[in-house]
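Structural description and commentary
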Amino acid sequence: MKQVLVAVVAGGALVLTGTPALAAPTLGPYGYGAVRLGMSAKRAAATGAVVRKNFAGEGTCSGWDFKAHPTGRNSVGLYISKKWGVVVISAPKGVRTPRGIGIGSTMKQVEKAYPGVKRPRDGDPYAVVPGNPKARYSFGASANGRIEQLLLIHLNQDCVS
């Protein structure tokens, strides 16, 4: 069944009927939802979307989770650097890049979506984020080539290697 969006002017008021599709949040090119790369811990917390998992006083970076997507005890959903702000965002399950890559995608799909993907000898494959040359996607793949972890990483960061 096809949904139709109809606008009607009635008594000076615009009335919309129908059910437009809601766009699902994507990871990138500058962040996820209201949380953006480079955003300070204070600004990230002010979005109401994240909660701190450890304290900034524990080092150069603090670990946080998205309230809507809590992670396990020994993991975090994002890292915030004291110097650089939000520098690493981990894709929650079901979230995809603008080119459709997410947890469960294959490396073959990654290479088709991001033809310039690099495969370092020691480390996860990565690609420059289209639309943001100051960021990259890191694709943590299993032995069978399925993406198990997808990260959006600012090139200026001091939280992960």
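What counts as what
- Residues numbered from 1 in each chain as written.
- Predicted model: local features only at pLDDT ≥ 70, side-chain atom pairs only at ≥ 80, totals over all residues.
- Heavy atoms only, no water.
- Pairing = 2+ DSSP bridges.
- Helix = DSSP H or I, 4+ residues; strand = E, 2+ residues; numbered from the N terminus.
- Axes fitted to C-alpha atoms, helices over the stretch in contact; angles between N-to-C directions.
- Disulfide = S-S within 2.5 Å.
- Buried < 20%, exposed > 50% of the residue type's maximum accessible area, 1.4 Å probe, protein only.
- Polar contact = N/O pair within 3.5 Å; in protein donor to acceptor, adjacent residues only side chain to side chain.
- Contact = heavy atoms within 4.5 Å.
- pLDDT = per-residue confidence, 0-100.
- Core = buried A, V, L, I, M, F, W, Y, C linked by side-chain atoms within 4.5 Å.
- Phe/Tyr/Trp six-rings, centres within 6.5 Å; stacked < 30°, edge-to-face > 60°.
- Lys NZ or Arg CZ within 6 Å of the ring centre and 35° of its normal.

**Quick word on the sheet that holds strand β10 (residues 132-141)**
If you trace the 7 strands from one edge of the open sheet to the other, you get β5-β6-β7-β8-β11-β10-β9, paired in antiparallel fashion. Each edge of the open sheet is held by one strand with a lone partner, namely β5 (50-52) and β9 (126-129). On average, adjacent strands in this sheet sit at an angle of 25 degrees to one another, irrespective of strand direction. Here 3 bridges tie β5 to strand β6 (residues 61-66), and the two strands are oriented antiparallel to one another. Looking at the pairing, Val-50 lines up with Phe-66 of β6.

**Points about the state of the cysteines**
Simply put, the disulfide is a covalent bond whose two ends are the sulfur atoms of two cysteines. Summed over the entire model, instances satisfying the criterion amount to 1 disulfide. Across the disulfide from Cys-61 sits Cys-159; the S-S distance is 1.9 Å. Disulfide Cys-61 to Cys-159: torsion about the S-S bond roughly -95 degrees, handedness left-handed. Residue Cys-61 is located in strand β6, and its partner Cys-159 is located in the segment after β11 (147-154); the two are separated by 98 residues in the primary sequence. For Cys-61, a relative accessible area of 15% puts it in the buried group.

**Describing the pairing of β6**
Counting buried positions over the 6 residues of β6 gives 6, a clear majority of the element. Where burial is concerned, the two faces of β6 agree: the one with Cys-61, Gly-63 and Asp-65 and the one with Ser-62, Trp-64 and Phe-66 are both buried. As paired strands, β6 and strand β7 (residues 78-81) are joined by 4 bridges and run antiparallel to one another. Within β7, the position partnered with Ser-62 by the bridge is Ile-80.

**Considerations on the side chain of His-154**
Summarising the element assignment, His-154 is placed in strand β11. Here His-154 falls in the buried class, since its relative accessible area comes to 16%. Among the polar contacts made by the side chain of His-154, one reaches the main-chain amide nitrogen of Asn-156 at a distance of 2.9 Å. Apart from residues no more than four positions distant in its own chain, His-154 is found in contact with Leu-37, Val-87, Lys-134 and Ala-135.

**A short note on the confidence of the model for the chain**
Averaged over all residues, the pLDDT of the chain is 87; the fraction at 70 or higher stands at 83%. Within the chain, the lowest mean pLDDT, 46, falls on strand β1 (residues 6-10), and the highest, 98, falls on strand β8 (residues 85-90). Every residue in residues 1-20 scores below 50 in pLDDT, and together they form 17 contacts with partners more than four places removed in sequence or on other chains.

**Let's talk about the nonpolar core**
Residues Leu-27, Leu-78, Val-86, Ile-89, Tyr-137, Phe-139 and Leu-152 are the most contacted members of the largest nonpolar core, which totals 29 residues. Contributing elements (two or more residues each) for this core: β6, β7, β8, α2 (107-113), β9, β10 and β11. Setting aside anything within four residues of it in sequence, one finds Leu-78 in contact with Val-35, Val-50, Ser-62, Gly-63, Trp-64, Asp-65, Phe-66, Val-86, Val-88 and Ile-89.

**Focus on the packing of aromatic side chains**
Think of a pair of aromatic rings as described by two things: how far the centres are apart, and how the planes are tilted against each other in angle. Taken as a whole and judged by the stated rule, the model has 4 aromatic pairs. Aromatic side chains Tyr-32 and Phe-66 sit 5.0 Å apart centroid to centroid with 80 degrees between the ring planes, which places their arrangement in the edge-to-face category. Here Tyr-32, found in strand β3 (residues 31-32), pairs with Phe-66, found in strand β6; they are 34 residues apart in sequence, far enough to count as distant. For the pair Tyr-32 and Phe-66, one class covers both residues: buried. When the centroid spacing of 6.2 Å and the interplanar angle of 40 degrees are considered together, the rings of Tyr-137 and Phe-139 count as tilted. By the burial criterion, Tyr-137 is buried, and Phe-139 matches it. The rings of Tyr-114, Tyr-137 and Phe-139 are connected pair by pair, giving a single aromatic cluster. The ring of Tyr-126 has Arg-136 sitting right over it, with the charged end atom 5.2 Å from the ring centre.

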